[in-house]
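A closer look at the structure
Take a look at the letters that make up each chain.
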Amino acid sequence: PEAITVQELANRMAEKGADLVKALFKMGMMVTVNQTIDQDTAELLVTEFGHNIQRVSEADVDIDTAADVDAEDTLKPRPPVVTIMGHVDHGKTSLLDALRGTDVVRGEAGGITQHIGAYQIKTKGGDLITFLDTPGHEAFTEMRMRGANVTDIVILVVAADDGIMPQTIEAINHTKAAGVPMIVAITKSDKHEANPQKIRERLLEHEVIVEQMSGDVQDVEVSAKTGAGLDELIEKILLQAELMELKANPDRAAEATVIEAKLDKGKGPLATVLITRGTLKVGDILVVGTHSGRVRAMLDDKGRQIKAAPPSLPVEVLGIGGVPMAGDTLTVVESEARAREVAAFRQERATAKRTTTAPTSLENMFSALS
Ligand code: GDP
Ligand code: MG
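Everything in this summary refers to the structure shown in the same document. Here the structure is a predicted model, which is why all the values come from computation and not from measurement.

1. Quick notes on the overall build of the chain
Of the regular secondary structure elements, the chain holds twelve helices and 18 strands. When the 370 residues of the chain are sorted by exposure, 48% land in the buried category. In the chain, 70% of the contacts between residues at least 6 apart in sequence involve partners at least 24 apart. Put simply, the chain shows about 18200 Å² of open surface, and 51% of that area lies on carbon and sulfur atoms.

The structure is reproduced here in C-alpha coordinates:
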(Lines give C-alpha, C1' and ligand atoms only; values in the text may rest on other atoms or scores of the structure.)
(Ligands and ions follow the chains in the order given, each with its own letter.)
Protein backbone atom coordinates (compact mmCIF):
# COMPACT_ATOMS: atom_id res chain seq x y z
CA PRO A 1 0.00 0.00 0.00
CA GLU A 2 1.28 3.40 -0.97
CA ALA A 3 1.19 6.61 0.99
CA ILE A 4 0.94 10.11 -0.42
CA THR A 5 1.57 13.52 1.11
CA VAL A 6 -1.42 15.79 1.55
CA GLN A 7 0.16 18.38 -0.75
CA GLU A 8 0.79 15.81 -3.49
CA LEU A 9 -2.79 14.64 -3.31
CA ALA A 10 -4.01 18.24 -3.37
CA ASN A 11 -1.95 18.88 -6.51
CA ARG A 12 -3.41 15.86 -8.24
CA MET A 13 -6.91 16.93 -7.30
CA ALA A 14 -6.25 20.57 -8.24
CA GLU A 15 -7.37 21.63 -4.77
CA LYS A 16 -5.65 23.74 -2.10
CA GLY A 17 -3.52 21.82 0.38
CA ALA A 18 -5.03 23.83 3.22
CA ASP A 19 -8.55 22.72 2.23
CA LEU A 20 -7.51 19.09 2.44
CA VAL A 21 -5.96 19.69 5.86
CA LYS A 22 -9.27 21.22 6.97
CA ALA A 23 -11.26 18.29 5.67
CA LEU A 24 -8.90 15.89 7.40
CA PHE A 25 -9.30 17.83 10.63
CA LYS A 26 -13.07 17.38 10.37
CA MET A 27 -12.44 13.68 9.93
CA GLY A 28 -10.47 13.72 13.18
CA MET A 29 -6.99 13.75 11.73
CA MET A 30 -4.39 16.36 12.62
CA VAL A 31 -1.92 16.48 9.76
CA THR A 32 0.09 19.07 7.90
CA VAL A 33 0.41 19.32 4.12
CA ASN A 34 3.81 17.65 4.24
CA GLN A 35 2.65 14.59 6.13
CA THR A 36 1.62 11.42 4.42
CA ILE A 37 -1.81 9.77 4.64
CA ASP A 38 -2.70 6.21 3.70
CA GLN A 39 -4.54 5.15 0.59
CA ASP A 40 -7.92 4.64 2.21
CA THR A 41 -7.86 8.11 3.76
CA ALA A 42 -6.80 9.56 0.43
CA GLU A 43 -9.73 7.87 -1.30
CA LEU A 44 -12.11 9.14 1.31
CA LEU A 45 -10.83 12.67 0.73
CA VAL A 46 -11.15 12.33 -3.00
CA THR A 47 -14.73 11.16 -2.64
CA GLU A 48 -15.42 13.97 -0.21
CA PHE A 49 -14.24 16.50 -2.80
CA GLY A 50 -16.37 14.87 -5.47
CA HIS A 51 -13.55 13.55 -7.63
CA ASN A 52 -13.47 10.10 -9.12
CA ILE A 53 -11.38 7.69 -7.16
CA GLN A 54 -8.27 6.84 -9.07
CA ARG A 55 -5.93 5.01 -6.82
CA VAL A 56 -2.43 5.56 -8.05
CA SER A 57 -0.66 2.26 -8.11
CA GLU A 58 1.51 0.40 -10.53
CA ALA A 59 -1.37 -1.89 -11.38
CA ASP A 60 -3.60 0.95 -12.40
CA VAL A 61 -1.07 2.98 -14.30
CA ASP A 62 0.16 0.08 -16.39
CA ILE A 63 -3.26 -1.20 -17.40
CA ASP A 64 -4.52 2.24 -18.33
CA THR A 65 -4.20 1.98 -22.07
CA ALA A 66 -5.94 5.25 -22.87
CA ALA A 67 -2.66 7.03 -23.39
CA ASP A 68 -1.16 4.09 -25.22
CA VAL A 69 -1.80 5.03 -28.85
CA ASP A 70 -0.59 2.82 -31.69
CA ALA A 71 1.88 4.45 -34.07
CA GLU A 72 0.46 5.32 -37.48
CA ASP A 73 2.72 2.86 -39.32
CA THR A 74 1.48 -0.09 -37.23
CA LEU A 75 -2.13 0.42 -38.33
CA LYS A 76 -3.76 -1.85 -40.88
CA PRO A 77 -7.28 -1.70 -42.38
CA ARG A 78 -9.93 -3.51 -40.33
CA PRO A 79 -13.51 -4.55 -41.16
CA PRO A 80 -16.37 -2.20 -40.21
CA VAL A 81 -18.64 -2.99 -37.25
CA VAL A 82 -22.29 -2.42 -38.06
CA THR A 83 -25.36 -2.13 -35.78
CA ILE A 84 -28.94 -2.36 -37.04
CA MET A 85 -31.53 -0.15 -35.38
CA GLY A 86 -35.16 0.71 -36.02
CA HIS A 87 -38.74 0.32 -34.84
CA VAL A 88 -40.07 -3.01 -33.58
CA ASP A 89 -41.38 -5.27 -36.36
CA HIS A 90 -39.76 -3.18 -39.08
CA GLY A 91 -37.56 -6.14 -39.97
CA LYS A 92 -34.26 -5.84 -38.05
CA THR A 93 -33.96 -9.53 -37.19
CA SER A 94 -35.05 -10.59 -40.68
CA LEU A 95 -32.44 -8.31 -42.25
CA LEU A 96 -29.70 -9.58 -39.92
CA ASP A 97 -30.61 -13.15 -40.90
CA ALA A 98 -30.72 -12.30 -44.59
CA LEU A 99 -27.31 -10.60 -44.42
CA ARG A 100 -25.88 -13.57 -42.56
CA GLY A 101 -27.16 -15.71 -45.41
CA THR A 102 -24.95 -13.82 -47.89
CA ASP A 103 -21.77 -15.01 -46.11
CA VAL A 104 -19.71 -16.98 -48.62
CA VAL A 105 -17.79 -18.74 -45.80
CA ARG A 106 -20.99 -19.96 -44.20
CA GLY A 107 -22.07 -21.32 -47.57
CA GLU A 108 -18.92 -23.43 -47.68
CA ALA A 109 -19.12 -24.49 -44.04
CA GLY A 110 -22.66 -25.77 -44.37
CA GLY A 111 -24.56 -23.01 -42.62
CA ILE A 112 -24.19 -23.78 -38.92
CA THR A 113 -25.18 -20.74 -36.89
CA GLN A 114 -23.97 -19.95 -33.39
CA HIS A 115 -25.72 -17.02 -31.79
CA ILE A 116 -22.94 -15.24 -29.96
CA GLY A 117 -24.21 -11.66 -30.18
CA ALA A 118 -22.28 -10.73 -33.29
CA TYR A 119 -21.23 -12.28 -36.57
CA GLN A 120 -18.90 -11.58 -39.44
CA ILE A 121 -19.57 -12.18 -43.13
CA LYS A 122 -17.23 -12.47 -46.06
CA THR A 123 -18.75 -10.82 -49.11
CA LYS A 124 -18.55 -12.16 -52.67
CA GLY A 125 -15.78 -9.63 -53.25
CA GLY A 126 -13.82 -10.99 -50.28
CA ASP A 127 -14.44 -8.06 -47.92
CA LEU A 128 -15.32 -8.65 -44.28
CA ILE A 129 -18.17 -6.96 -42.38
CA THR A 130 -19.04 -7.48 -38.71
CA PHE A 131 -22.65 -7.16 -37.57
CA LEU A 132 -23.74 -6.82 -33.97
CA ASP A 133 -26.53 -9.33 -33.65
CA THR A 134 -28.21 -7.61 -30.74
CA PRO A 135 -30.40 -5.00 -32.35
CA GLY A 136 -31.74 -2.71 -29.73
CA HIS A 137 -31.23 0.83 -28.70
CA GLU A 138 -30.65 -0.03 -25.10
CA ALA A 139 -27.63 -2.17 -25.87
CA PHE A 140 -26.22 0.61 -28.06
CA THR A 141 -26.84 3.38 -25.53
CA GLU A 142 -25.69 1.36 -22.55
CA MET A 143 -22.45 0.38 -24.25
CA ARG A 144 -21.86 3.99 -25.18
CA MET A 145 -22.52 5.15 -21.62
CA ARG A 146 -19.87 2.72 -20.48
CA GLY A 147 -17.45 4.29 -22.91
CA ALA A 148 -17.55 1.46 -25.41
CA ASN A 149 -18.04 2.84 -28.89
CA VAL A 150 -17.73 -0.31 -30.94
CA THR A 151 -20.19 0.61 -33.70
CA ASP A 152 -18.71 2.20 -36.83
CA ILE A 153 -21.89 2.37 -38.92
CA VAL A 154 -25.61 2.24 -38.05
CA ILE A 155 -28.18 0.80 -40.45
CA LEU A 156 -31.50 2.48 -39.78
CA VAL A 157 -34.28 0.11 -40.74
CA VAL A 158 -37.63 1.62 -41.75
CA ALA A 159 -40.44 -0.57 -43.11
CA ALA A 160 -41.64 0.62 -46.50
CA ASP A 161 -45.25 -0.25 -45.62
CA ASP A 162 -45.18 1.69 -42.35
CA GLY A 163 -43.54 4.99 -41.50
CA ILE A 164 -41.35 6.85 -39.06
CA MET A 165 -42.28 5.44 -35.66
CA PRO A 166 -41.17 6.39 -32.10
CA GLN A 167 -38.28 3.93 -32.05
CA THR A 168 -37.20 5.11 -35.49
CA ILE A 169 -36.82 8.61 -34.09
CA GLU A 170 -35.06 7.26 -31.02
CA ALA A 171 -32.62 5.39 -33.24
CA ILE A 172 -31.95 8.55 -35.28
CA ASN A 173 -31.26 10.51 -32.10
CA HIS A 174 -28.93 7.87 -30.62
CA THR A 175 -27.02 7.61 -33.86
CA LYS A 176 -26.61 11.37 -34.16
CA ALA A 177 -25.57 11.68 -30.51
CA ALA A 178 -22.92 9.01 -31.07
CA GLY A 179 -21.68 10.74 -34.21
CA VAL A 180 -21.90 7.48 -36.11
CA PRO A 181 -22.70 7.57 -39.85
CA MET A 182 -26.03 6.09 -40.88
CA ILE A 183 -27.30 4.14 -43.86
CA VAL A 184 -31.08 3.96 -44.29
CA ALA A 185 -32.46 0.56 -45.28
CA ILE A 186 -36.07 0.75 -46.41
CA THR A 187 -37.23 -2.80 -45.72
CA LYS A 188 -40.17 -4.90 -46.85
CA SER A 189 -39.87 -3.34 -50.31
CA ASP A 190 -41.50 -6.47 -51.74
CA LYS A 191 -44.86 -5.61 -50.17
CA HIS A 192 -47.75 -4.20 -52.23
CA GLU A 193 -48.28 -1.39 -49.77
CA ALA A 194 -44.61 -0.38 -49.93
CA ASN A 195 -44.11 3.35 -50.40
CA PRO A 196 -40.38 4.06 -50.10
CA GLN A 197 -40.71 7.60 -51.41
CA LYS A 198 -43.00 8.49 -48.52
CA ILE A 199 -40.35 7.22 -46.10
CA ARG A 200 -37.65 9.37 -47.71
CA GLU A 201 -39.87 12.44 -47.41
CA ARG A 202 -40.80 11.74 -43.82
CA LEU A 203 -37.14 11.33 -42.89
CA LEU A 204 -36.57 14.94 -43.91
CA GLU A 205 -38.63 16.02 -40.92
CA HIS A 206 -36.02 14.39 -38.71
CA GLU A 207 -33.09 15.89 -40.58
CA VAL A 208 -32.12 12.67 -42.23
CA ILE A 209 -31.64 13.68 -45.86
CA VAL A 210 -31.01 10.67 -48.06
CA GLU A 211 -29.17 10.74 -51.39
CA GLN A 212 -32.37 10.59 -53.44
CA MET A 213 -33.45 13.77 -51.68
CA SER A 214 -30.08 15.36 -52.50
CA GLY A 215 -28.64 14.64 -49.06
CA ASP A 216 -25.56 12.67 -48.11
CA VAL A 217 -27.12 9.78 -46.19
CA GLN A 218 -27.01 6.62 -48.29
CA ASP A 219 -30.32 4.79 -48.66
CA VAL A 220 -31.34 1.50 -50.19
CA GLU A 221 -34.57 -0.46 -50.67
CA VAL A 222 -34.28 -4.02 -49.44
CA SER A 223 -36.36 -7.11 -48.91
CA ALA A 224 -35.31 -9.74 -46.44
CA LYS A 225 -37.93 -11.96 -48.06
CA THR A 226 -36.74 -11.88 -51.67
CA GLY A 227 -33.15 -10.79 -51.04
CA ALA A 228 -33.61 -7.73 -53.25
CA GLY A 229 -31.22 -4.88 -52.45
CA LEU A 230 -28.96 -6.88 -50.12
CA ASP A 231 -25.94 -6.68 -52.44
CA GLU A 232 -26.49 -2.96 -52.81
CA LEU A 233 -26.71 -2.54 -49.03
CA ILE A 234 -23.44 -4.42 -48.62
CA GLU A 235 -21.81 -2.21 -51.27
CA LYS A 236 -22.97 0.89 -49.43
CA ILE A 237 -21.60 -0.38 -46.12
CA LEU A 238 -18.23 -1.02 -47.76
CA LEU A 239 -18.26 2.40 -49.41
CA GLN A 240 -19.00 4.08 -46.10
CA ALA A 241 -16.28 2.03 -44.39
CA GLU A 242 -13.76 3.02 -47.05
CA LEU A 243 -14.49 6.69 -46.46
CA MET A 244 -13.84 6.18 -42.75
CA GLU A 245 -10.45 4.49 -43.26
CA LEU A 246 -10.99 2.15 -40.30
CA LYS A 247 -7.70 0.85 -38.99
CA ALA A 248 -6.16 -0.99 -36.04
CA ASN A 249 -2.79 -2.44 -35.09
CA PRO A 250 -3.13 -6.25 -35.32
CA ASP A 251 0.42 -6.99 -34.14
CA ARG A 252 0.23 -6.31 -30.41
CA ALA A 253 -1.32 -7.66 -27.21
CA ALA A 254 -5.06 -7.72 -27.76
CA GLU A 255 -7.76 -5.44 -26.46
CA ALA A 256 -11.43 -6.25 -26.90
CA THR A 257 -14.87 -5.10 -25.81
CA VAL A 258 -17.41 -7.43 -24.23
CA ILE A 259 -20.59 -7.61 -26.33
CA GLU A 260 -22.42 -10.08 -24.12
CA ALA A 261 -21.56 -12.59 -21.41
CA LYS A 262 -23.24 -15.42 -19.58
CA LEU A 263 -22.59 -18.37 -17.30
CA ASP A 264 -22.83 -21.72 -19.06
CA LYS A 265 -23.44 -24.71 -16.80
CA GLY A 266 -20.95 -26.87 -18.64
CA LYS A 267 -18.39 -24.43 -20.01
CA GLY A 268 -18.39 -21.82 -17.22
CA PRO A 269 -18.27 -18.08 -17.96
CA LEU A 270 -18.61 -17.30 -21.67
CA ALA A 271 -18.06 -13.86 -23.14
CA THR A 272 -18.52 -12.70 -26.70
CA VAL A 273 -15.93 -10.04 -27.34
CA LEU A 274 -15.11 -7.86 -30.29
CA ILE A 275 -11.41 -7.36 -30.86
CA THR A 276 -10.62 -3.64 -31.00
CA ARG A 277 -6.87 -3.90 -31.53
CA GLY A 278 -4.15 -6.51 -31.44
CA THR A 279 -4.73 -10.23 -31.97
CA LEU A 280 -6.22 -12.38 -29.23
CA LYS A 281 -4.68 -15.85 -29.05
CA VAL A 282 -5.46 -19.08 -27.27
CA GLY A 283 -3.31 -19.16 -24.12
CA ASP A 284 -3.29 -15.37 -23.68
CA ILE A 285 -3.56 -14.15 -20.09
CA LEU A 286 -6.18 -11.50 -19.63
CA VAL A 287 -8.07 -9.13 -17.39
CA VAL A 288 -11.66 -8.21 -18.16
CA GLY A 289 -13.58 -5.97 -15.77
CA THR A 290 -12.90 -7.36 -12.31
CA HIS A 291 -12.00 -10.84 -13.58
CA SER A 292 -8.78 -12.45 -14.69
CA GLY A 293 -8.35 -15.52 -16.83
CA ARG A 294 -6.57 -17.26 -19.65
CA VAL A 295 -8.03 -17.91 -23.11
CA ARG A 296 -8.79 -21.65 -23.01
CA ALA A 297 -10.57 -21.70 -26.36
CA MET A 298 -12.22 -19.34 -28.82
CA LEU A 299 -15.22 -20.02 -31.05
CA ASP A 300 -16.40 -17.91 -33.96
CA ASP A 301 -20.04 -17.35 -34.95
CA LYS A 302 -19.95 -20.51 -37.03
CA GLY A 303 -19.00 -22.59 -34.00
CA ARG A 304 -15.47 -23.16 -35.27
CA GLN A 305 -12.52 -23.24 -32.89
CA ILE A 306 -10.06 -20.53 -33.74
CA LYS A 307 -6.53 -19.95 -32.50
CA ALA A 308 -6.13 -16.23 -33.19
CA ALA A 309 -8.66 -13.41 -33.47
CA PRO A 310 -7.71 -10.19 -35.34
CA PRO A 311 -9.35 -6.73 -35.04
CA SER A 312 -13.14 -6.51 -35.64
CA LEU A 313 -13.64 -10.26 -35.27
CA PRO A 314 -16.30 -11.28 -32.75
CA VAL A 315 -15.37 -14.40 -30.79
CA GLU A 316 -16.70 -16.30 -27.84
CA VAL A 317 -13.99 -16.64 -25.20
CA LEU A 318 -13.73 -19.52 -22.73
CA GLY A 319 -11.48 -19.35 -19.70
CA ILE A 320 -12.48 -16.15 -17.88
CA GLY A 321 -12.71 -16.44 -14.07
CA GLY A 322 -16.15 -14.84 -13.88
CA VAL A 323 -18.91 -13.29 -15.97
CA PRO A 324 -17.94 -9.79 -17.13
CA MET A 325 -20.38 -7.04 -18.14
CA ALA A 326 -21.28 -5.86 -21.62
CA GLY A 327 -19.06 -2.89 -22.41
CA ASP A 328 -16.15 -4.11 -20.26
CA THR A 329 -12.71 -3.97 -21.82
CA LEU A 330 -10.64 -7.12 -22.12
CA THR A 331 -6.90 -6.53 -21.90
CA VAL A 332 -4.12 -9.05 -22.44
CA VAL A 333 -1.36 -8.86 -19.81
CA GLU A 334 2.05 -10.50 -19.52
CA SER A 335 1.62 -12.79 -16.51
CA GLU A 336 -0.97 -14.48 -14.33
CA ALA A 337 0.34 -12.65 -11.28
CA ARG A 338 -0.20 -9.36 -13.04
CA ALA A 339 -3.72 -10.38 -14.17
CA ARG A 340 -4.66 -11.33 -10.62
CA GLU A 341 -3.15 -8.15 -9.24
CA VAL A 342 -5.15 -5.92 -11.59
CA ALA A 343 -8.37 -7.89 -11.09
CA ALA A 344 -7.98 -7.77 -7.30
CA PHE A 345 -7.22 -4.08 -7.47
CA ARG A 346 -10.35 -3.42 -9.50
CA GLN A 347 -12.49 -5.55 -7.19
CA GLU A 348 -11.21 -3.59 -4.23
CA ARG A 349 -11.91 -0.30 -5.97
CA ALA A 350 -15.43 -1.43 -6.91
CA THR A 351 -16.10 -2.33 -3.27
CA ALA A 352 -14.63 0.96 -2.05
CA LYS A 353 -16.88 2.87 -4.44
CA ARG A 354 -19.96 1.01 -3.26
CA THR A 355 -19.19 1.65 0.41
CA THR A 356 -18.19 5.28 0.03
CA THR A 357 -21.26 6.16 -2.03
CA ALA A 358 -23.72 4.59 0.40
CA PRO A 359 -24.60 7.37 2.88
CA THR A 360 -25.02 5.10 5.90
CA SER A 361 -21.66 3.45 5.55
CA LEU A 362 -20.03 6.80 4.86
CA GLU A 363 -21.36 8.04 8.19
CA ASN A 364 -20.00 4.95 9.86
CA MET A 365 -16.62 5.59 8.34
CA PHE A 366 -16.52 9.14 9.60
CA SER A 367 -17.51 8.18 13.12
CA ALA A 368 -14.94 5.41 13.09
CA LEU A 369 -12.29 7.92 12.16
CA SER A 370 -13.17 10.57 14.73
P1 GDP B 1 -37.87 -6.72 -35.86
O2 GDP B 1 -38.84 -6.62 -34.72
O3 GDP B 1 -37.47 -5.36 -36.34
O4 GDP B 1 -36.71 -7.60 -35.57
O5 GDP B 1 -38.70 -7.35 -37.10
P6 GDP B 1 -38.69 -8.83 -37.66
O7 GDP B 1 -37.49 -9.11 -38.46
O8 GDP B 1 -39.02 -9.77 -36.58
O9 GDP B 1 -39.90 -8.75 -38.72
C10 GDP B 1 -41.22 -8.43 -38.33
C11 GDP B 1 -42.19 -9.06 -39.32
O12 GDP B 1 -41.97 -8.53 -40.62
C13 GDP B 1 -42.01 -10.58 -39.47
O14 GDP B 1 -43.27 -11.17 -39.59
C15 GDP B 1 -41.22 -10.71 -40.76
O16 GDP B 1 -41.48 -11.93 -41.41
C17 GDP B 1 -41.71 -9.55 -41.57
N18 GDP B 1 -40.70 -9.07 -42.51
C19 GDP B 1 -39.44 -8.67 -42.20
N20 GDP B 1 -38.76 -8.28 -43.29
C21 GDP B 1 -39.61 -8.46 -44.33
C22 GDP B 1 -39.50 -8.23 -45.74
O23 GDP B 1 -38.48 -7.78 -46.27
N24 GDP B 1 -40.59 -8.50 -46.49
C25 GDP B 1 -41.76 -8.96 -45.95
N26 GDP B 1 -42.80 -9.19 -46.77
N27 GDP B 1 -41.90 -9.19 -44.64
C28 GDP B 1 -40.83 -8.95 -43.82
MG1 MG C 1 -36.23 -8.60 -33.79
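2. Considerations on the site of ligand 1
Around ligand 1 there are 14 residues in total, and Asp89, Lys92, Ser94, Asp190 and Ala224 lie nearest to it. In this structure, an oxygen atom belonging to ligand 1 sits 3.4 Å away from a main-chain N or O atom of His90. Relative to its free-state accessible area of 580 Å², ligand 1 is covered by the protein chains to the extent of 70%. The residue makeup of the shell around ligand 1, split by class, is two nonpolar, six polar and six charged.

3. Looking at the side chain of Thr130
Considering the arrangement of structural elements, one finds Thr130 in strand β6 (residues 128-132). Polar side-chain contacts of Thr130 include one of 3.0 Å to the side chain of Gln120. Not counting chain neighbours up to four residues away, the residues in contact with Thr130 comprise Pro80, Val81, Val82, Tyr119, Gln120, Leu274, Ser312 and Pro314.

4. Considerations on the packing of aromatic side chains
Under the defined criterion, the tally for this structure stands at one aromatic pair. Ring centres of Tyr119 and Phe131 lie 5.5 Å apart, and the angle between their planes is 35°; on these two criteria the pair is classed as tilted. Of the two residues, Tyr119 is situated in strand β5 (residues 118-122) and Phe131 in strand β6; the sequence distance between them amounts to twelve residues. Residue classification places Tyr119 among the buried residues on the basis of a relative accessible area of 0%.

5. Focus: a negative patch on the surface
A cluster of acidic residues, Glu72, Asp73, Asp127, Glu242 and Glu245, forms a negative patch on the protein surface. Within the secondary structure, Glu245 is located in the loop between α10 (230-244) and β10 (247-248). On the basis of relative accessibility, which here comes to 57%, the residue Glu245 falls in the exposed class.

6. A closer look at helix α1 (residues 6-13)
For α1, the set of buried residues is Val6, Leu9, Ala10 and Met13. Projection of α1 onto a plane perpendicular to its axis shows the buried side chains occupying an angular sector of 100°, all on one side. Those residues of α1 that are exposed and angled more than 90 degrees off the buried face are Asn11 and Arg12. Where α1 ends, the next residue or the one after it, Ala14, has phi of about 55°, a positive value.

7. Focus on the sheet that holds strand β14 (residues 285-288)
The strand order around the closed barrel formed by six strands is β11-β12-β17-β15-β14-β18, and the pairing between neighbours is antiparallel. When the angles between neighbouring strand axes are averaged without regard to direction, this sheet yields 45°. Both strand β12 (residues 268-277) and strand β17 (residues 314-320) contribute to a ladder of five bridges, which runs antiparallel. Bridging from a neighbouring strand, Val273 pairs with Val315 of β17.

About the thresholds
Residues numbered from 1 in each chain as written. Chains lettered and ligands numbered in written order. Predicted model: local features only at pLDDT ≥ 70, side-chain atom pairs only at ≥ 80, totals over all residues. Heavy atoms only, no water. Helix = DSSP H or I, 4+ residues; strand = E, 2+ residues; numbered from the N terminus. Buried < 20%, exposed > 50% of the residue type's maximum accessible area, 1.4 Å probe, protein only. Contact = heavy atoms within 4.5 Å. Areas by Shrake-Rupley, 256 points an atom, 1.4 Å probe, with all protein chains shown as cover. Near = heavy atom within 4 Å. Polar contact = N/O pair within 3.5 Å; in protein donor to acceptor, adjacent residues only side chain to side chain. Nonpolar A, V, L, I, M, F, W, Y, C, P; charged D, E, K, R; others polar. Phe/Tyr/Trp six-rings, centres within 6.5 Å; stacked < 30°, edge-to-face > 60°. Patch = residues over 30% accessible without salt bridge, like charges linked within 9 Å, V, L, I, M, F, W, Y side chains within 5 Å. Salt bridge = Lys/Arg side-chain N within 4 Å of Asp/Glu carboxyl O. Lys, Arg positive; Asp, Glu negative; His and termini not counted. Charge placed at Lys NZ, Arg CZ, Asp CG, Glu CD. Arc of directions from axis to C-beta. Pairing = 2+ DSSP bridges. Axes fitted to C-alpha atoms, helices over the stretch in contact; angles between N-to-C directions.

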